[in-house]
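Each chain, written out:
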Amino acid sequence: MAYARVLADTAIGRIYELKRDFPRTNTIQMHLKLIEEGLIPVYVSVRTVQRFGLQPFLIRKCFVTQPL
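Residues numbered from 1 in each chain as written. Predicted model: local features only at pLDDT ≥ 70, side-chain atom pairs only at ≥ 80, totals over all residues. Heavy atoms only, no water.

Chemist: Lay out helix 1 (residues 9-21) in plain terms, naming residues and giving numbers.
Modeler: Taking 1.5 Å per residue, 13 residues should reach 18 Å; helix 1 reaches 18 Å between its end C-alpha atoms and fits that length. Every buried residue of helix 1 is listed here: Ala11, Ile12, Arg14, Ile15, Tyr16, Leu18 and Lys19. (Helix = DSSP H or I, 4+ residues; strand = E, 2+ residues; numbered from the N terminus. Expected span 1.5 Å × (residues − 1). Buried < 20%, exposed > 50% of the residue type's maximum accessible area, 1.4 Å probe, protein only.)

Right, here's the structure in full:
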């Protein structure tokens, strides 16, 4: 069965937070954490989370502070 590979904005935001707070967290740990917190259903693949968790330009976005 095929499912959409789109994540909710809250799940994407949580991925950014996890990468910012725990930079050495791997994708499987992030995937399990998102399921545990109820942000994604069980059928969402690790690869879907990986698309957001391992993109260098998205990771850099986590660490940029907003100007005052």
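Chemist: Would you mind going over the pattern of salt bridges in detail, with residue names and values included?
Modeler: Across all of its chains, the model carries 5 salt bridges by this definition. One salt bridge in this structure joins Glu17 and Arg14, with 3.2 Å as the shortest N-O distance. In this pair, Glu17 and Arg14 both sit in helix 1, 3 residues apart, roughly one turn of the helix. One salt bridge connects Glu37 with Arg14, and the closest N-O pair in it is separated by 3.0 Å. Residue Glu37 is located in the loop between helix 2 (27-36) and helix 3 (46-53), and its partner Arg14 is located in helix 1; the two are separated by 23 residues in the primary sequence. (Salt bridge = Lys/Arg side-chain N within 4 Å of Asp/Glu carboxyl O.)

Chemist: Run through the confidence of the model for the protein chain, naming residues and quoting values.
Modeler: Per-residue pLDDT for the protein chain averages 79, and the proportion of residues at 70 or more is 71%. Per-element mean pLDDT across the protein chain ranges from 52 in helix 4 (residues 56-63) up to 94 in helix 2. (pLDDT = per-residue confidence, 0-100.)

Chemist: Could you give me a rundown of the packing of helix 1 against helix 2, with the residues and numbers involved?
Modeler: Direction vectors running N to C along helix 1 and helix 2 enclose 130°, while the axes themselves pass 11 Å from each other. As far as their axial angle goes, helix 2 and helix 1 are oblique. Seen along the crossing, helix 1 lies across helix 2 with a hand that is right-handed. Contact residues: helix 1 offers Ala11, Arg14, Ile15, Leu18 and Lys19, while helix 2 offers Met30, Lys33 and Leu34. (Axes fitted to C-alpha atoms, helices over the stretch in contact; angles between N-to-C directions. Parallel < 35°, antiparallel > 145°, perpendicular 65-115°, else oblique. Left-handed = near helix turned anticlockwise from the far one by under 90°. Contact = heavy atoms within 4.5 Å.)

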